[in-house]
Amino acid sequence: MPNIVNEILLTDLTREFRSMGSCVVVEFGKLKPQHDREIRGQLRAAGIRYRVVRNRLASRAFAALDLDMGPAMSGRCGIAIAQKEGAIQAAKILRDWIKKTKDAPIVIKGGVVEGAAYVGTAAQLIADLPDRNTVNTQIVSAMSGPARSLASIVSAVAGGLARCIQAKVDAQSKGGDAAAS
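What comes next concerns the included structure. (Residues numbered from 1 in each chain as written. Predicted model: local features only at pLDDT ≥ 70, side-chain atom pairs only at ≥ 80, totals over all residues. Heavy atoms only, no water.)

**Notes on the overall build of the protein**
Selection rule: Helix and strand assignments follow DSSP, with helices taken as H or I runs no shorter than four residues and strands as E runs no shorter than two, numbered in order from the N terminus. Atoms considered for the radius of gyration are the C-alpha atoms alone. The globule rule reads 2.2 Å times the number of residues to the power 0.38. Partly exposed residues are those whose accessible area sits between 20% and 50% of the maximum for their type, while under 20% is buried and over 50% is exposed, using a 1.4 Å probe and protein chains only. It only takes one pair of heavy atoms within 4.5 Å for two residues to be counted as in contact. Note that accessible areas follow from Shrake-Rupley with a 1.4 Å probe, and for residues the cover is restricted to the protein chains shown. The charge count includes Lys and Arg as positive and Asp and Glu as negative, but it does not include His or the ends of the chains. Where a charge sits is defined by one atom per residue type, namely NZ (Lys), CZ (Arg), CG (Asp) or CD (Glu).
Along the protein, the regular secondary structure elements total 6 helices and 5 strands. Helices and strands appear in the protein in the N-to-C order α-β-α-β-α-β-α-β-β-α-α. By the compact-globule yardstick of 16 Å for 181 residues, the protein is too spread out, its C-alpha radius of gyration being 30 Å. Along the first, second and third principal axes, the C-alpha atoms of the protein reach 115 × 35 × 25 Å. For the protein, buried positions account for 31% of its 181 residues. Sequence-distant contacts in the protein: of pairs separated by 6 or more residues, those separated by 24 or more amount to 79%. Surface accessibility of the protein: about 11100 Å² in total, with carbon and sulfur atoms responsible for 58%. Charged side chains in the protein number 25 positive and 16 negative. The centres of these two groups are separated by 4 Å.

Written out as structure tokens, the structure reads:
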């Protein structure tokens, strides 16, 4: 009977991992019930699903996606599953909770962002990654900076030329008025 249950759980995990955009794998120790509710509430508010998984089944489900998450799957593990690059937001929520909580029993062990697996210290840096909107803003700013400079230079040249012509016209009109008197 347990084999059938494990196969059902493995199928469910594999299907969920295939449809996810990203995830964060955490190892939790002696997590108090109020801490668990607090973490799950914060993740849920951000649209992130958190579930506790069996390491062996999760490793097999990740392997079906050609992701080597074996080193991250140790101890009691939970996975925060998100759409698109939502693992960045999940990692930020978890990092902030770990910093805020004294003797936090949670450690970020791994993660998947846009199909790339991060394990160990690289996984803890997921929270430092900028999200897609921030990257798009940075790219647009980098591209518009030189264009804005070029536009101001071209405008300055045209403006300077116009001022020179106006000064010449003003000088001629003053000279013409003086000659007429």
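**With respect to the sheet that holds strand 4 (residues 106-113)**
Stated formally: Paired strands, in this sense, are two strands between which DSSP finds at least two bridges. Axis lines are fitted to C-alpha atoms, over the contacting stretch for helices. Their N-to-C directions set the angle, which ranges from 0 to 180 degrees.
A sheet is described by the order of its strands in space; here 5 strands give the open sequence 2-3-1-4-5, paired in antiparallel fashion. Either end of the sheet is taken by a strand with one partner, and the two such strands are strand 2 (49-53) and strand 5 (116-119). Taken pair by pair, the neighbouring strands of this sheet meet at an average axis angle of 20°, ignoring direction. Across 7 bridges, the pairing between strand 1 (residues 22-28) and strand 4 is antiparallel. Bridging across to strand 4, E27 finds its partner in V107.

**Examining the environment of M73**
Considering the arrangement of structural elements, one finds M73 in the loop between helix 3 (55-64) and strand 3 (77-82). With a relative accessible area of 8%, M73 lands in the buried category. Residues contacting M73, with those up to four places away along its chain left out, are V25, V53, N55, A58, S59 and F62.

**Some remarks on the packing of aromatic side chains**
The line we're drawing: Pairing of aromatic rings covers Phe, Tyr and the six-membered ring of Trp, with a centre-to-centre limit of 6.5 Å; geometry is then stacked below 30 degrees between planes, edge-to-face above 60, and tilted otherwise.
Enumeration over the complete set of coordinates arrives at 1 aromatic pair. Ring geometry for F17 versus F62: centroids 4.3 Å apart, planes at 15°, classification stacked. One end of the pair, F17, is in helix 1 (residues 2-19); the other, F62, is in helix 3, with 45 residues separating them in the sequence. Across this residue pair, the class does not change: F17 and F62 are buried.

**Side note on the packing of helix 2 (residues 33-45) against helix 4 (residues 86-100)**
Worth spelling out the cut-off: Definitions for this section: a left-handed crossing has its near helix turned counterclockwise from the far helix by less than a right angle. A right-handed crossing has that turn clockwise. For this classification, Asp, Glu, Lys and Arg are treated as charged, while Ala, Val, Leu, Ile, Met, Phe, Trp, Tyr, Cys and Pro are nonpolar and the rest, including Gly, are polar.
One way to put it is that helix 2 packs onto helix 4 with a least axis distance of 10 Å and a crossing angle of 150°. Along this stretch, helix 2 crosses helix 4, giving a crossing that reads as right-handed. Contact residues: H35, E38, I39, Q42 and L43 in helix 2; A90, I93, L94, W97 and K100 in helix 4. Among the residues forming the contact of helix 2 with helix 4, the class breakdown is 6 nonpolar, 2 polar and 2 charged.

**Section: the pairing of strand 5**
Here strand 4 runs beside strand 5; their pairing, made up of 4 bridges, is antiparallel. Looking across to strand 5, one finds that G111 is bridged to Y118.

**Things to note about the nonpolar core**
Spelled out, the test is: We call a set of buried Ala, Val, Leu, Ile, Met, Phe, Trp, Tyr and Cys residues a nonpolar core when their side-chain atoms join them within 4.5 Å.
Formed by 23 residues in total, the largest nonpolar core has its most connected members in V24 and L43. Contributions of two or more residues to this core are made by strand 1, helix 2, strand 3, helix 4 and strand 4. Setting aside residues no more than four positions away along its own chain, L43 makes contact with I48, Y50, A80, A90 and I93. With 19 residues, the next largest nonpolar core counts L10, V25, A72 and I79 among its residues.

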